[in-house]
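Structure assessment
The residues making up each chain are set out below.
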Amino acid sequence: MSKAMDVTVTVNGEVYQKTIEPRLLLSDFIRHELNLSGTHVGCEQGVCGACTILFDGMPVRSCLMLAVQADGHEIRTVEDLGTMENLHPLQEAFQETHALQCGFCTSGFLMSILPVLEETTDLSEEDLKRALEGNLCRCTGYQHIRDAVQLAAEKMSSGGES
Amino acid sequence: MKPAPFEYIAPTTVEEALGHLTEHGYDAKVLAGGQSLIPMMNFRLAQPAVLVDLNKLAELSFIRSDKDGELRIGAMTRHYQVEHDDLVAEHAPLIHEAMPKIATPQIRSRGTFGGSIAHADPAAELTAICVALDGRFRCLSERGERWVPAKEFFLGMFTSALEPDEILVEIAIPPRAPRTGWALEEAVRRAIDFALVGVSAVVTLDAQDRCERARLVFLSVGDGPVETVKATEMLVGKEITPDLIRAAAEAVTAELDPSADIHASVKYRLHLARVLARRALEKAFARAAAPGTQAA
C-alpha cells in the first residue's frame, strides 16, 4: 500500500501544502485537491492535451505526472490568465475569432500557446503549426484557433493592455 | 485514481537509486520522464510495486563532448534540451533533426532521452537513430558498469538489455566521419502519432565519391529497430546513382517483416518502407556530397 506524502506546491503564485497518495495524478490533484477545475481532463493518456499546464514554465501534460513530483515546483494553470471581467489578450483573441465551440480543449490550448507567445510574438507559419500540434480540438477544425494565435500575437506584441 | 498503489521513492543520488533497484529487483520500475510509463500505469498495464523516480538526479542531465569527440548525453536530459542544444545540432544533426518529430512539445518538455531508449518502443525514433549512429549506452548497477552497443540493446518489443537492477545513465554517440550524410523519413498520420513506418539513413562517401558506408535502420516495422544490411551492402564501394538508390530501396522489403494493424496493412507498410528508404538515401547522399557537411 502506498503511504501518503506531504507536498508543497506553488500554483499560480499561491503556496499549497497537501498530504496525498503518490499515485494521485497531477491533473487530479489540481482539480480535486486544489479545486482549480479550469484544467480539463480528456484522455488521461497524453494524447489530447486538454490538461496542459505550465510546470516550472514549461508546458506539460498534467495527466502524465504524479502530483508528488510537483513537490517544491511551480505551476501555472489557466486560472492564472485573465478573469471574466478582464481577459488575458490570448483569451480575448480566442473569443474574438470564435476559436472555441464546446470549450473543453480551450484551457489546454491556452496553456500550450502562452509560453510560445511569451517567448516571441513573431511566429512563422511553421512555428504556429508546431505550437498547436500537441492539442486536439474536435469542434473548430483548428483554423479559428490559428487565427486566434495570430491575433493574440498582435495584441501581445503591441504591449496590448489586458 | 488511475494507477494502482505503489511505493514511491525519489532518490537524490544515482548510488541511492541503484540500491533501491538491487533491493526490489523486478518489483521496481524506474520512472524517467514518465511519458510512456504513466499512461501505462493509468491503464494499469503497468503495476509496479515500487516506483524509483530519477527526476531528482540532476547529475544525469547533461550534454557534452568528451576529448575523443564523442557526444555524451545524460539519460535524464529532457527532449526539449536536446532539441535546442547547439552541440547536438553540430555533432549529431540527425538527432537534432529528429527531435521535433518526437511526440509533441508538451511531451518533449518532460520526456527524457534515456527514458525513450530504455522503454524500447519499436516506434520510437531514438531507438533506430542510436543504432544508425553506432551509439553506446552506459548501464550502471551496484554490480558495476557496462557499455552496451545500441545494436545489442534492443531485444524486442519494449524489451532492452537492461537488467532489473540496472539504470541507463548515459548515451554516447561517436564523432561523425567526414562526408557523412543523414536523413530521417517517416510516414505519420498526425503530428501527434507514432510513425506508421520510419527510417533513418546514415551514409559516408569516400574521396572518390564512392559509397564507403551506408546504414538504413527502420522503426515501426518490427519488434525493435530493424537494420536492412543486405540492401545497403549493394551501395558500398559503388558510385551512387539514382538507379542504384532505387534498387537498394526496392531491396529493403526482403529484410523486413512488419505486422498489420488498423492503420496499415503489411503490404502498405512495405510500400512505405521502399518509398521512405529511397527518400532517406537520396537526402543522405546529397548531404554527404554537399561541401558543408564536413565533420566538426
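Worth saying up front: this structure is predicted, and the values here are computed from it rather than measured.

Here the focus is the overall build of chain B. Check the secondary structure of chain B and you find 12 helices and 14 strands. A globule of 296 residues ought to have a C-alpha radius of gyration of about 19 Å, and chain B, at 19 Å, matches this closely. Each principal axis of the C-alpha distribution contributes one length, and for chain B these read about 60 × 50 × 35 Å. Counting the 296 residues in chain B, one finds 50% classified as buried.

With that settled, consider the nonpolar core. Among the nonpolar cores identified, the biggest contains 139 residues, and Ala67 of chain A together with Ile129, Ala201, Phe218, Ala273, Leu281 and Ala284 of chain B are the most heavily contacted of them. By residue number, the principal contributor to this core is helix α12 (residues 266-289) of chain B, which donates 9 residues. Apart from the residues within four sequence positions on either side, Ala273 of chain B is in contact with Val197, Val199, Phe218, Val221, Val252, Thr253 and Leu256 of chain B.

Moving on, we get to the domain arrangement of chain A. Residues and elements named next belong to chain A. Taken domain by domain, chain A holds domain 1 (5-80) and domain 2 (89-157). For domain 1 versus domain 2, the distance between C-alpha centres works out to 22 Å. Counting from both sides, the interface comprises 14 residues of domain 1 and, opposite them, 11 residues of domain 2. For the side of domain 1 that touches domain 2, the element with the highest residue contribution is strand β3 (residues 52-55), accounting for 3 residues. Partitioning the side of domain 1 that touches domain 2 into residue classes produces 7 nonpolar, 7 polar and no charged.

So, about the interface of chain A and chain B. Listed as interface residues are 27 residues of chain A and, on the opposing side, 24 residues of chain B. Tallied by class, the residues present in the side of chain A that touches chain B amount to 12 nonpolar, 8 polar and 7 charged.

Residues and elements named next belong to chain B. Split by domain assignment, chain B resolves into domain 1 (7-53), domain 2 (58-173) and domain 3 (180-291). Taking only C-alpha atoms, the centre of domain 2 and the centre of domain 3 are 21 Å apart. The interface of domain 2 with domain 3 comprises 20 residues on the first partner and 19 residues on the second. Looking at the side of domain 2 that touches domain 3, the elements with two or more residues in it are α5 (93-98), α8 (125-132) and β8 (154-156). Per element, the largest residue contribution to the side of domain 2 that touches domain 3 is 6 residues, and it comes from α8. Among the residues making up the side of domain 2 that touches domain 3, the classes are represented as 14 nonpolar, 3 polar and 3 charged.

For the rest of this paragraph, the subject is the packing of helix α11 (residues 242-251) of chain B against α12 of chain B. All names here are of chain B. In contact at an axis separation of 8 Å, α11 and α12 are set at 140° when each is read in the N-to-C sense. As summarised for this structure, α11 and α12 are arranged oblique, according to the angle between their axes. Handedness of the α11/α12 crossing: right-handed. Residue-level contacts link Ile245, Arg246, Ala248, Ala249 and Glu250 of α11 to Arg274, Ala277, Arg278, Leu281, Glu282 and Phe285 of α12. For the contact of α11 with α12, the per-class residue count stands at 6 nonpolar, no polar and 5 charged.

The rules behind the values
- Residues numbered from 1 in each chain as written.
- Chains lettered and ligands numbered in written order.
- Predicted model: local features only at pLDDT ≥ 70, side-chain atom pairs only at ≥ 80, totals over all residues.
- Helix = DSSP H or I, 4+ residues; strand = E, 2+ residues; numbered from the N terminus.
- Rg over C-alpha atoms; globule rule 2.2 N^0.38 Å.
- Buried ≥ 20, exposed ≤ 12 C-beta atoms within 10 Å, placed from the backbone.
- Core = buried A, V, L, I, M, F, W, Y, C linked by C-beta atoms within 7 Å.
- Contact = placed C-beta atoms within 7 Å.
- Domains from an automatic or database assignment.
- Nonpolar A, V, L, I, M, F, W, Y, C, P; charged D, E, K, R; others polar.
- Axes fitted to C-alpha atoms, helices over the stretch in contact; angles between N-to-C directions.
- Parallel < 35°, antiparallel > 145°, perpendicular 65-115°, else oblique.
- Left-handed = near helix turned anticlockwise from the far one by under 90°.

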